[in-house]
Amino acid sequence: MTVTRGDFLDTLLGARPPTRDDAGWLSRLRAEALERANALSVPTTRDEEWRFTDLAPLTRLSFQPVRVAGTPDLARLRERFLPQAQMRLVFVDGVFAPGLSQLAAAAGACVSELGSALQGPRAAVLEAHLGRLAQFDANLFAGLNTAFLSYGAVIALDAGASLAEPVQILHVATRRDQPHAIYPRLLLAAGARSRCTVVEDFIGAEEAGYFSAPVTEIVLERDATVEHVRLQREAPGAFQLGTCAVSQAAGSHYHAVSVVLGARLSRLDWRVLHAGAGCQSVLDGLTLIDGRQLADTHSLVDHAHPHAHLRQQQKCVVSGAGHAVFNGKILVRQAAQRTDAAQSFRGLLLSARAQIDTKPQLEIFADDVKCAHGAAIGQLDPEQAFYLQSRGLTAPKALNLLTYGFAAEVIERIPVASLVRELECALVERTVESK
Amino acid sequence: MIRPNAAVLLEVRDLDAAIGGRAILKGVNLTVRAGEVHAIMGPNGSGKSTLVKILAGHPAYAASGGSVRYRGEDLLVMAPEARAQAGLFLGFQYPVEIPGVSNAQFLRLAFNSVRSARGEDELDPLEFDDLVREKLQVVAMDPSFLERNVNEGFSGGEKKRNEILQMALLEPIVALLDETDSGLDIDALRVVANGVNALSAPDKAIVLVTHYQRLLDYIVPDYVHVMEGGQIIKTGGRELALELEARGYDWVRVEYEHARAVA
Ligand SMILES: Nc1ncnc2c1ncn2[C@@H]1O[C@H](COP(=O)(O)OP(=O)(O)O)[C@@H](O)[C@H]1O
Ligand SMILES: [Mg+2]
């Protein structure tokens, strides 16, 4: 029996696989992923995990592979460069742009594009981890990314190495004649006791139409510390179906801030696995959408070892006819005794047509654990609004400032000061000065 | 300073208010002229906060009868921000925390909102910073307060100082201060009182709501009113505050009821 999967998937799967001459293991990984992706279909709202996220608007379109990168607006792009990042990898329409990137040597660390990383001394690290965390057996989008994996960012830190300044991975999509598909990829392998901060930033030209399926894999070895910032500011007409898979060894510390502002439709599947005792994870998330945007964050923190610590806060601000989805699953396996996990969700609905769907999911199989979660969806507090009005702010200004404050609480968690300022200014424009 | 010919800034006439069907204010009368300092005292629950919230335009409290004129205009039809822009200020009994918004941001927005409504130029962040640092000295506050989120994690005393700082920036014509003295130690009380005194002027007026006579050692009132059961039942000079301190409120009520029975 033949199943018509529709133009969307046919076009994607029909693309020519990358011809780059790579290591055999990578070719095999791609082939395996392609085979798997061929067997999968696009999730529908009948799948429990996709109940609220209808991909129909995506599958009505078809997206062409990118052979040659377009030309980004350089002035706008440079505004996104983090001043204190000494290392920056820039990808245009998924294609590595060495001329826009900036790489510097660092002791005990490799920050480079996948191609050169494969030739470098840490190629074995790549082989050990690439495609291992972001499993594609049931994840079509991770499968597509892996099947067509061509360019990618690699950060590999040796044991004890530390990068003082953040590394920026910047993906920019341009406007092209036809909608295009891009597959951003990042592998961050943090050796034992190493430390680094990475900022992933996804942006697109205002009028660009594209489909992006980024995959981020982060491995923390024993006692490593990783600060991870993920900014989704894709073009208003874009689709982003992202996967972020993190694996933590004993005593490691992972702090992530995910900010979702862009795209017509976006989804982030975020999985954090505790693969050793005493892991600490801090996950901060902010979704701020309006118009007809849909933004879905599905997180899973898998506690499989004792003495784990999790602090997760997610905030969603939705106006217009926007729709935010948050599903935060916390799994505490039987072995994960003395786990201390707390999750808080706060949603702010700014219009009658705005919608938020949230589902906390605690699955606890250990008996000696502390697990707290709270979820609240509401409007702005009239007492706070009155306080501001009594100081001369008009009612809309007061509400906007409160919205700003609600969101800024997450922005402030970003460990890069210049980025906090940049985002706060953008937030002020979007909220406080918008009326 | 009492000057019989001074302009009337605030005129409250027979003001009634009810919340959920229960009468809270039952015909309040109060006239405040330029240059005057008024103190409103009275037991808990007598309606003092309700009165000042209605004057400031709190949406949950509406007048059900009577009138209020502010500098000749009908105050009750004005939006809260219009009242603030016109020079009315309420120092909150319980200042609200605004998470995620720095005090500096908030103060500048407030200041500029009032400035632009008055047709004056707004100040940019640098100009404003100079001004706010000068005003910080009035309330002996550390500049680090500017970086903290509005009232978040502030102690009771810090919140009250922050109210006075806002008052110092906005330079109101009529300041209503609701228990700005409660929860303050004697040093903080002095700081707050000095801040208030620094802002009093012949063309302005201050209405202090307070429980304690001790604030009035520092800010000398021209009138002391006793509020009880939603009414002002007695008005006197500053010596009335001392008498209330010594004798409590019961005798005032007895006297008031006796006078009513006779009339
Ligand atoms: N928001 C409210 N809802 C219901 N009752 C209220 C509210 N605010 C005040 N009250 C009631 O009104 C009365 C006067 O309160 P308030 O004005 O706060 O008094 P005071 O400031 O003199 O202590 C009290 O009985 C109080 O319980
Ligand atoms: Mg009160």
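Right above here is the structure, for reference.
The rules behind the values
Residue numbers here run from 1 along each chain, matching the order of that chain's written sequence. Chains carry letters from A onward and ligands carry numbers from 1 onward, assigned in written order. Note on the predicted model: pLDDT of at least 70 is required for a residue's local features to be given, and 80 or more for side-chain atom pairs to be given and counted; whole-chain, interface and lining totals, by contrast, use all residues. The basis for every side-chain value is the complete set of heavy atoms in the structure, and neither hydrogens nor water enter the calculation. By the criteria applied, helices consist of DSSP H or I runs no shorter than four residues and strands consist of E runs no shorter than two, each listed in order from the N terminus. For the radius of gyration, the atom set is restricted to C-alpha positions; the globular benchmark scales as 2.2 Å times the number of residues to the power 0.38. In what follows, residue pairs with any heavy atoms lying within 4.5 Å of each other are defined as contacts. Areas reported as accessible are Shrake-Rupley estimates using a 1.4 Å probe. Residue values count occlusion only from the protein chains shown. Counted as coordinating are nitrogen, oxygen and sulfur atoms within 2.8 Å of the metal, or 3.2 Å for Na, K and Ca, while water is not included, which may make sites look incomplete. Working definition: with a 1.4 Å probe on protein chains only, accessible area under 20% of the residue-type maximum means buried, over 50% means exposed, and in between means partly exposed. Being near a molecule or strand, for a residue, comes down to having at least one heavy atom within 4 Å of it. Between N or O atoms, a polar contact is any pair within 3.5 Å; within protein, one atom must be a potential hydrogen donor and the other a potential acceptor, and residues adjacent in sequence are included only when both atoms are from side chains. Classification convention: Asp, Glu, Lys, Arg as charged; Ala, Val, Leu, Ile, Met, Phe, Trp, Tyr, Cys, Pro as nonpolar; all other residues, Gly among them, as polar. Throughout this description, the term salt bridge denotes a Lys or Arg side-chain nitrogen within 4 Å of a carboxyl oxygen of Asp or Glu. Aromatic contacts are taken between Phe, Tyr and Trp rings whose centres are within 6.5 Å, Trp giving its six-membered ring; a plane angle under 30 degrees counts as stacked, one over 60 as edge-to-face, and the others as tilted. Charge over a ring is defined by NZ of Lys or CZ of Arg lying within 6 Å of the ring centre and within 35 degrees of the ring normal. In short, DSSP must find at least two bridges between two strands for them to pair. The rule is simple: put a 1 Å grid over the protein atoms alone, call a set of points where a 1.4 Å probe fits but cannot get out a cavity, call an open set with protein on both sides within 12 Å along at least five of seven lines a pocket, and count a residue as lining if it has an atom within 4 Å of a point. Grid points are joined across faces, edges and corners, and a volume is the space filled by probe spheres set on the points. Buried Ala, Val, Leu, Ile, Met, Phe, Trp, Tyr and Cys residues form a nonpolar core when they are joined through side-chain atoms within 4.5 Å. Using a 1.4 Å probe, buried area is obtained as the accessible area two parts lose upon being combined, added over both of them.

Draft legend 1. Looking closely at the overall build of chain B. Counting secondary structure elements, chain B contains eight helices and 12 strands. Against the 2.2 N^0.38 benchmark of 18 Å for 263 residues, chain B shows a C-alpha radius of gyration of 18 Å, consistent with a compact globule. Each principal axis of the C-alpha atoms in chain B carries an extent, and together these give about 65 × 40 × 40 Å. Taking all contacts inside chain B whose residues are at least 6 apart in sequence as the whole, residues at least 24 apart take part in 68%. Split by element, the accessible area of chain B, about 11100 Å² in all, is 49% carbon and sulfur.

Draft legend 2. Inspection of the coordination of the magnesium ion (ligand 2) at higher detail. All names here are of chain B. Donor atoms from the polypeptide that bind the magnesium ion (ligand 2) are Ser49 (OG) and Gln93 (OE1), placed at 2.1 to 2.3 Å. Residue serine 49 is found in helix 1 (residues 48-56), and its partner glutamine 93 is found in the loop between strand 6 (88-91) and strand 7 (98-102); the two are separated by 44 residues along the sequence. Assessed through its relative accessible area of 16%, glutamine 93 is described here as buried.

Draft legend 3. Summary view of the site of ligand 1. Residues and elements named next belong to chain B. In the neighbourhood of ligand 1, the contacting residues comprise Ile19, Arg22, Ile24, Pro43, Asn44, Gly45, Ser46, Gly47, Lys48, Ser49, Thr50 and Tyr61. The contact in question runs from an oxygen atom of ligand 1 to an N or O atom on the backbone of glycine 45, over 2.8 Å. Between ligand 1 and the protein, one listed contact pairs an oxygen atom with a side-chain N or O atom of serine 49 at 2.9 Å. Expressed as a share of its isolated accessible area of 560 Å², the protein-covered part of ligand 1 is 65%. Those elements giving two or more residues to the shell around ligand 1 turn out to be strand 2 (22-33) and helix 1. Of all the elements, helix 1 adds the most residues to the shell around ligand 1, at three residues. For the shell around ligand 1, the class distribution of residues is four nonpolar, six polar and two charged.

Draft legend 4. Representation of the pattern of salt bridges in the model. This structure, assessed with the given rule, holds 30 salt bridges over all chains. Taking the shortest distance from any N to any O, the salt bridge between Arg267(A) and Asp296(A) comes out at 2.7 Å. One end of the pair, Arg267(A), is in strand 14 (residues 265-274); the other, Asp296(A), is in strand 16 (residues 294-303), with 29 residues separating them in the sequence. Asp296(A) gets classed as buried once you look at its relative accessible area, which sits at 2%. Between Arg115(B) and Glu120(B) there is a salt bridge whose closest N-O contact spans 3.4 Å.

Draft legend 5. Expanded view of the packing of aromatic side chains. Under the definition given, this model contains 15 aromatic pairs over all chains. Seen from their ring centres, Trp50(A) and Phe141(A) are 6.1 Å apart, and the 55° between their planes marks the pair as tilted. Of this pair, Trp50(A) sits in the loop between helix 2 (24-39) and helix 3 (56-59) while Phe141(A) sits in helix 7 (residues 140-147); the two residues are 91 residues apart in sequence, bridging distant segments of the chain. Just as Trp50(A) is buried, Phe141(A) falls in that class too. Judged by centre distance (5.6 Å) and plane angle (55°), the rings of Phe386(A) and Phe92(B) are tilted. In this pair, Phe386(A) sits in helix 8 (residues 382-389) while Phe92(B) sits in the loop between strand 6 and strand 7, so the two residues belong to two different chains. Like Phe386(A), the residue Phe92(B) is buried in the burial classification. Aromatic ring contacts, followed pair by pair, group Phe8(A), Trp50(A), Phe63(A), Phe141(A), Phe148(A), Tyr183(A), Phe211(A) and Phe239(A) into a single cluster. Above the face of the Trp50(A) ring, Arg267(A) is positioned so that its terminal group lies 3.7 Å from the ring centre. Arg247(B) extends its terminal NZ or CZ atom over the ring of Trp251(B), reaching a point 4.2 Å from the ring centre.

Draft legend 6. View of the sheet that holds strand 4 (residues 63-70) of chain B. Residue and element names in this part refer to chain B. Spatially, four strands are ordered 2-1-4-5 in an open sheet, and the strand pairing comes out antiparallel. Strands at the two margins of the open sheet, each flanked by one partner only, are strand 2 and strand 5 (73-74). Pairing of strand 1 (residues 8-19) with strand 2, which is carried by nine bridges, proceeds in the antiparallel orientation. Paired with isoleucine 19 across the bridge in strand 2 is arginine 22.

Draft legend 7. Up close: empty space enclosed by the protein. All names here are of chain A. Summed over all chains, the structure comprises six cavities of 30 Å³ or more. As a volume, the largest cavity reaches approximately 90 Å³. Around the largest cavity sit 15 residues that line it, and Glu48, Arg51, Phe52, His298 and Asn327 are the ones nearest its centre. For the lining of the largest cavity, the secondary-structure elements that each account for two or more residues are strand 16, strand 18 (323-332) and strand 20 (355-364). Split by residue class, the lining of the largest cavity holds four nonpolar, four polar and seven charged.

Draft legend 8. Structural context of the environment of Cys110(A). Position of Cys110(A) among the secondary structure elements: in strand 3 (residues 109-113). Among all residues touching Cys110(A), those that are not within four sequence positions of it are Arg122(A), Val154(A), Ile155(A) and Ala156(A).

Draft legend 9. Up close: the nonpolar core. One finds Ile414(A), Leu419(A), Leu10(B), Val174(B), Leu176(B) and Leu244(B) to be the most contacted residues of the largest nonpolar core, which totals 121 residues. The biggest single contributor to this core is helix 9 (residues 395-411) of chain A, with nine residues. Apart from residues lying up to four places away in sequence, Val174(B) is in contact with Leu9(B), Leu10(B), Tyr70(B), Gly87(B), Leu88(B), Phe89(B) and Ala205(B). Listed in part, the 42 residues of the second largest apolar core include Leu12(A), Leu55(A), Phe63(A) and Ala181(A).

Draft legend 10. Highlighting the interface of chain B and chain A. At the junction of the two partners, chain B supplies 33 residues and chain A supplies 23 residues. Of the roughly 2200 Å² buried between chain B and chain A, counting both surfaces, carbon and sulfur atoms make up 64%. In this structure, the salt-bridge partner of Arg391(A) is Glu163(B), at a minimum N-O distance of 2.7 Å. Between chain B and chain A we count 12 residue pairs in polar contact (both at pLDDT 80 or more) in total. Looking at the side of chain B that touches chain A, the elements with two or more residues in it are helix 1, helix 2 (80-85), strand 6, strand 7, helix 3 (103-117), strand 8 (149-150) and helix 5 (156-170) of chain B. With six residues, helix 3 of chain B is the single largest residue contributor to the side of chain B that touches chain A.

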